[in-house]
Amino acid sequence: MVTEDDVRRLALALPETTEKSMYGTPAFYVRGKWFARIREEGDVLVLPVPAEEEKAGLIAAEPAKFFTTPHYEGHAIVLARFGAVDAEEMGELLSEAWRLRAPKRLAAEFDARA
């Protein structure tokens, strides 16, 4: 099971990532653009995805891991349960969300080093 500390460690390991508060909860930013936020419950992560179709696919394929709320309907944003995701998968989710929000050049530099 992933913890808030795991999420923080994984997110802050990504280039030029900072942590700030968003709606009173920890959120992670790359060059001023958010890419992940821990919800008020403390065991759910909010993440952008490339498209609403991908969000729907994640939720349909693995509803124990991924879900949404009415607040996020119509947005390419998915919620992931800490208890259903291991650290490796959480790292992948955070990296993908980071790539969506990072400047293209920074993302290309990151991918070239990986």
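Everything that follows concerns the structure shown earlier in this document.
As the structure is a prediction and not an experimental result, all values here were calculated from the model.

Criteria and thresholds
- Residues numbered from 1 in each chain as written.
- Predicted model: local features only at pLDDT ≥ 70, side-chain atom pairs only at ≥ 80, totals over all residues.
- Heavy atoms only, no water.
- Pairing = 2+ DSSP bridges.
- Helix = DSSP H or I, 4+ residues; strand = E, 2+ residues; numbered from the N terminus.
- Contact = heavy atoms within 4.5 Å.
- Axes fitted to C-alpha atoms, helices over the stretch in contact; angles between N-to-C directions.
- Core = buried A, V, L, I, M, F, W, Y, C linked by side-chain atoms within 4.5 Å.
- Buried < 20%, exposed > 50% of the residue type's maximum accessible area, 1.4 Å probe, protein only.

**Regarding the sheet that holds strand β3 (residues 33-38)**
Strand order in the open sheet made by the six strands is β1-β2-β3-β4-β6-β5, with antiparallel pairing throughout. The open sheet has two edge strands, β1 (17-22) and β5 (66-67), and neither has a second partner. Relative to strand β2 (residues 25-30), helix α1 (residues 4-12) is tilted by about 15 degrees, and along the sheet it contacts β1, β2, β3 and β4 (44-48). Sitting on the sheet, helix α2 (residues 52-61) is in contact with β5 and β6 (77-81), with an inclination near 25 degrees to β6.

**Focus on the nonpolar core**
With 27 residues, the main nonpolar core has Val7, Phe35, Leu45, Leu47, Met90, Leu94 and Trp98 as its most contacted residues. Among the secondary structure elements, those contributing two or more residues to this core are α1, β2, β3, β4, β6, α3 (87-101) and α4 (104-113). Sort the elements by how many residues they give to this core and α3 lands first, with five residues. Once residues lying within four places of it in the same chain are set aside, the contact partners of Leu47 are Trp34, Phe35, Ala36, Ala76, Ile77, Val78, Ala80, Leu93, Leu94 and Ala97. Within the second largest apolar cluster, 10 residues are counted, among which are Tyr29, Val46, Tyr72 and Ile77.

**Overview of the environment of Leu79**
Considering the arrangement of structural elements, one finds Leu79 in strand β6. Between the alpha carbons of Leu79 and Arg31 there is a distance of 22 Å; along the sequence they are 48 residues apart. Leaving out residues up to four positions away in the same chain, Leu79 has contacts with Arg39, Val44, Leu45, Val46, Lys65, Phe66, Phe67, Thr68, Thr69 and Tyr72.

**Regarding the pairing of β3**
Within β3, five of the six residues are buried, which leaves it mostly tucked inside the rest of the structure. In this structure, β2 lies alongside β3, joined through four bridges in antiparallel fashion. Considered in β3, the bridge of Ala27 is made with Arg37. Where β2 hands over to β3, the hairpin turn is made up of two residues, of which Arg31 adopts a positive phi near 45 degrees. Here β3 pairs with β4 via two bridges, running antiparallel. Paired with Arg37 across the bridge in β4 is Val46. The antiparallel hairpin formed by β3 and β4 contains five residues in its connecting segment, where Gly42 sits at a positive phi of about 85 degrees.

This is a description of form; function is not addressed.
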